[in-house]
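Take a look at the letters that make up each chain.
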Amino acid sequence: MLGAGPTLLGAVFLLAGAAKVRDGDALVRSLRILLRGAADQRLPAARALGLALPLAELALGGALIAGLWPRVLAAVSLAALAAFSFALLVLHRREPRASCGCFGDRVVRLRTALARNGLLAAVAVFAAAEPARAWAVPPWLVVPAVAGLALAAWLRRPGETGDRKSVVEGKS
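Because the structure is a prediction, the values reported are computed rather than measured. (Residues numbered from 1 in each chain as written. Predicted model: local features only at pLDDT ≥ 70, side-chain atom pairs only at ≥ 80, totals over all residues. Heavy atoms only, no water.)

Now for the overall build of the protein. The helix and strand tally for the protein stands at seven helices and zero strands. The N-to-C order of helical and strand elements in the protein reads α-α-α-α-α-α-α. Considering the protein as a whole, with its 172 residues, one finds that 37% of them fall into the buried category. Considering only contacts within the protein whose residues lie at least 6 apart along the sequence, 76% involve residues at least 24 apart. As presented, the protein carries roughly 9,900 Å² of accessible surface, and 67% of it is formed by carbon and sulfur atoms. (Helix = DSSP H or I, 4+ residues; strand = E, 2+ residues; numbered from the N terminus. Buried < 20%, exposed > 50% of the residue type's maximum accessible area, 1.4 Å probe, protein only. Contact = heavy atoms within 4.5 Å. Areas by Shrake-Rupley, 256 points an atom, 1.4 Å probe, with all protein chains shown as cover.)

Turning to the packing of aromatic side chains, a few remarks are in order. Going through the model one piece at a time under the given rule, you end up with zero aromatic pairs. When the ring centre of F84 is taken as reference, the NZ or CZ atom of K20 above it lies at 6.0 Å. (Phe/Tyr/Trp six-rings, centres within 6.5 Å; stacked < 30°, edge-to-face > 60°. Lys NZ or Arg CZ within 6 Å of the ring centre and 35° of its normal.)

Note that A79 resides in helix α4 (residues 70-94). C-alpha separation for the pair A79 and A124, spaced 45 residues apart in sequence, amounts to 9.4 Å.

Glancing now at unusual backbone geometry. Although it is not a glycine, W69 sits at a positive phi angle of roughly 45°. For W69, the location among the structural elements is in the loop between α3 (42-66) and α4.

All right, on to a nonpolar patch on the surface then. Together, L68, W69, V72 and V76 make up an exposed nonpolar region whose accessible area comes to about 390 Å². When you line up the elements, L68 lands in the loop between α3 and α4. (Patch = residues over 30% accessible without salt bridge, like charges linked within 9 Å, V, L, I, M, F, W, Y side chains within 5 Å. Salt bridge = Lys/Arg side-chain N within 4 Å of Asp/Glu carboxyl O.)

Following this line, the structure appears as structure tokens:
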């Protein structure tokens, strides 16, 4: 893989995290379906996970691109992909037409999503096994880039863009 595995995984996690920040409602809807057995705690738990998951994906993606602990984070990526695939199977069983919220509100066929996760899992396995990369993007550059990506995605959320932009610009 010539050192590209962690970078590819990082880019995918950054895109997924940014999409979830941009359209968190799709993620919360799918989490509510997944947490169906949790009764009254379903909505608060879904909202909490809906906030934590994109931030974790952005952090994981940024760390992978920065070259921090590439083997360890490749293994973490593999575990995350396995958990996401399991969640896809449960979601599809409970609500076959629901969006998983993986990359926003777009509905993706189960086979396509599982194939994507399988390919990314293969990349993670190879990345975990390969020697450390000779190059990486410096962390001091990755952190502001990830923060900027998250802020841009947040500002571009559908339905609320004007309100958030006004707040950021200091307008009421």
